[in-house]
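Summary of the model geometry
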Amino acid sequence: MPPAHPFDDDKLREECGVFGVVGVTDASNFVALGLHALQHRGQEAGGIVTHDPETGFNQQRRMGLVRDNFTSASMMAQLPGTIGIGHVRYSTAGSKGQTALRDVQPFFGEFAMGGAAIAHNGNITNALSLRRELIERGSIFQSSSDSECIIHLMARSMGRTIPDRMEEALRKVEGAFSIVAMTRTKLIGCRDPLGVRPLVLGKIGDGWALASETCALDIIGSEFVREIEPGEMVVITQNGVASHFPFRPKRARFCIFEHVYFSRPDSILGGRSVYETRENIGRELAKEAPVDADLVCPVPDSGTPAAIGYSLQSGIPYAMGIIRNQYVGRTFIEPTESIRNMGVRLKLNVNRALIKGKRVILVDDSVVRGTTSRKIKEMILDAGAAEVHFRIASPPTAWPCFYGVDTPQREKLLAATMSEEEMRDHLGVDSIKFISIDGLYRAVGEAGGRDPKAPAYCDACFTGEYPVAPSDMIEQGFKAKTAAE
């Protein structure tokens, strides 16, 4: 499913969200609700697998949104059981932007000791070499997804239990993974040793839930218990939660862009409110990059908390200068060239009464290709703005992500080829300023800023310093950052 219009094509996209429950009646309904809360992490497709003692494993995978597929009684009746997992997808590895049904997770495998299903958020950086090796040894792949490697590695393991086999498989995997898996009776959660992508544990009645974000626990009335730790595996049954750490410990490097953009603002990450963190980013940005202006306006919706923070810190009034049409989704039909040329205007419209004659600060979460920023600037000027100043709530995105985020090739990232001044001229604005990497770290609670010798987060998209070497991409010619850079 290609993007509906240029606005969707100019944002970084999370690969997916995962969710699972055990010990609840009609588990599939809980999974569907959880996936609905995680829809922002993937809109191309979704799938649910459940197990029922009478019917065995049941699975349904569909293209499109959760609300369009997993809401009918007839659909949910096909997914009986008290245990289930689910996945929403936005493709990175595999057929990028052209998801086939066979690529939709969760993936299911039948082993000697019974079946298992697995849903994966992240990206395996050595997937191509693993796939080559597995195919040479006789494995037959059904999808183009890197996640399927885990099922094949489990099949070749000699472990006595499915959690044992999963451990052995994941020790061979490089990159980022937050995994929710299930057997007939067990719900399993696991994070990679760096903890790049999030995973949280919740309690609901006598049952348990695992989710990419706390907002998905909220929607089902589940109590947030704790985050799954980096490198931790939990195996949950009716007897409770068993935890252990099967991997060699490493310094955690959680994705800092989860705080900036990916996670929902009503989620909690690392004990911190995402909304409050984004407001702090706006405050830091106002300290670092002040400008005389009349209004602070967010680029909806991701720029809103940072714009509020910028306004509070600067004293410049906050205003909804741009209004978002909530009813233009990714499947909006564009029948003619003239409609396509409207681009961003299909989704955003300028509040002319507020903007005319004003010096406007536009706060956005990031600049990727810059195509949307130019169109928004044109709309603001067309509405009669006297000046347009961009303030960006993240450092310049100059490097692609290989850990589960859909990022353009490096040469297509504006910040990879232009200085800040060049970007200002390219976008045709009065000024553009990004928060510094130290300012971003201060906003997420690191008072001393970024420690270059031991960064607390994965920030490779800003710094080019990859905590796990992207071996597949280097093999294909990607040039990693050198010491001189």
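Conventions we followed
- Residues numbered from 1 in each chain as written.
- Predicted model: local features only at pLDDT ≥ 70, side-chain atom pairs only at ≥ 80, totals over all residues.
- Heavy atoms only, no water.
- Pairing = 2+ DSSP bridges.
- Helix = DSSP H or I, 4+ residues; strand = E, 2+ residues; numbered from the N terminus.
- Axes fitted to C-alpha atoms, helices over the stretch in contact; angles between N-to-C directions.
- Buried < 20%, exposed > 50% of the residue type's maximum accessible area, 1.4 Å probe, protein only.
- Expected span 1.5 Å × (residues − 1).
- Arc of directions from axis to C-beta.
- Contact = heavy atoms within 4.5 Å.
- Core = buried A, V, L, I, M, F, W, Y, C linked by side-chain atoms within 4.5 Å.
- Salt bridge = Lys/Arg side-chain N within 4 Å of Asp/Glu carboxyl O.
- Parallel < 35°, antiparallel > 145°, perpendicular 65-115°, else oblique.
- Left-handed = near helix turned anticlockwise from the far one by under 90°.
- Nonpolar A, V, L, I, M, F, W, Y, C, P; charged D, E, K, R; others polar.

Strand order in the open sheet made by the seven strands is β4-β3-β5-β2-β11-β10-β12, with antiparallel pairing throughout. Because the sheet does not close on itself, it has two edges, and the strands there are β4 (56-63) and β12 (223-227). Mean inter-strand twist for the sheet, computed between neighbouring axes without regard to direction, equals 15°. Of the pairings in the sheet, the one linking strand β3 (residues 45-52) to strand β5 (residues 83-89) comprises seven bridges and is antiparallel in character. Note that in β5 the partner of Ile48 across the bridge is Gly86.

Covered by surrounding structure in strand β18 (residues 295-298) are Leu295 and Cys297 together with Val296 and Pro298, the residues of both alternating faces. Two elements, β18 and strand β21 (residues 359-364), share four bridges in a ladder whose sense is parallel. In the strand pairing of β21, Val296 is matched with Ile361.

End to end, helix α14 (residues 371-382) covers 17 Å across 12 residues, agreeing with the expected 16 Å (1.5 Å per residue, within 8%). Within α14, burial applies to Thr372, Ser373, Ile376, Lys377, Met379 and Ile380. All buried residues of α14 lie within an arc of 160° about the axis, which places them on one face of the element. Residue Gly384 follows α14 closely and has a positive phi angle near 100°.

This part is about the sheet that holds strand β6 (residues 107-111). Strand pairing in a sheet is mediated by backbone hydrogen bonds. Such pairs are either parallel or antiparallel. Ordered in space as β6-β7-β8-β9-β13-β14, the six strands form an open sheet in which the pairing is antiparallel. The sheet is open, and its two borders are formed by β6 and β14 (240-244), each paired with just one other strand. Each strand axis lies, on average, 20° off the axis of its neighbour in the sheet, ignoring direction. Of the strands in this sheet, β6, β7 (114-124), β8 (175-182), β9 (187-191), β13 (233-237) and β14 are in contact with helix α7 (residues 162-170), which crosses β13 at around 160°.

Moving on, we get to the nonpolar core. Formed by 70 residues in total, the largest nonpolar core has its most connected members in Leu362 and Ile380. Filtering out sequence-adjacent residues up to four positions away, Leu362 remains in contact with Cys297, Val299, Ile322, Ile376, Ile380, Val388, His389, Phe390 and Arg391. One finds Ile124, Ala127, Ala169 and Leu170 within the second-largest nonpolar core, a separate group that totals 27 residues.

Tracing the chain through its elements places Gly46 in strand β3. Distance in space between the C-alpha atoms of Gly46 and Asn69 is 8.5 Å, their sequence separation being 23 residues. Apart from residues lying up to four places away in sequence, Gly46 is in contact with Gln60, Arg61, Arg62, Gly64, Phe70, His87, Val88, Val104 and Gln105.

A side chain of one charge can pair with a side chain of the opposite charge if their charged atoms are brought near each other. Per the counting criterion, the structure on display carries 19 salt bridges. Its salt-bridge partner being Arg137, residue Glu133 comes within 3.5 Å of it at the nearest N-O pair. Classification of Glu133 by relative accessible area gives partly exposed; the value is 37%. Residue Glu284 is joined to Lys287 by a salt bridge in which the shortest nitrogen-to-oxygen separation is 4.0 Å.

This next bit is on the packing of helix α5 (residues 127-136) against helix α6 (residues 148-156). Where α5 contacts α6, the axes come no closer than 10 Å and their chain directions differ by 45°. As far as their axial angle goes, α6 and α5 are oblique. Classified by chirality, the crossing of α6 by α5 is left-handed. Along its contact with α5, which presents Ala127, Leu130, Arg131 and Leu134, the element α6 presents Cys149, His152, Leu153 and Arg156. When the residues that make up the contact of α5 with α6 are grouped by side-chain class, the tally is five nonpolar, one polar and two charged.

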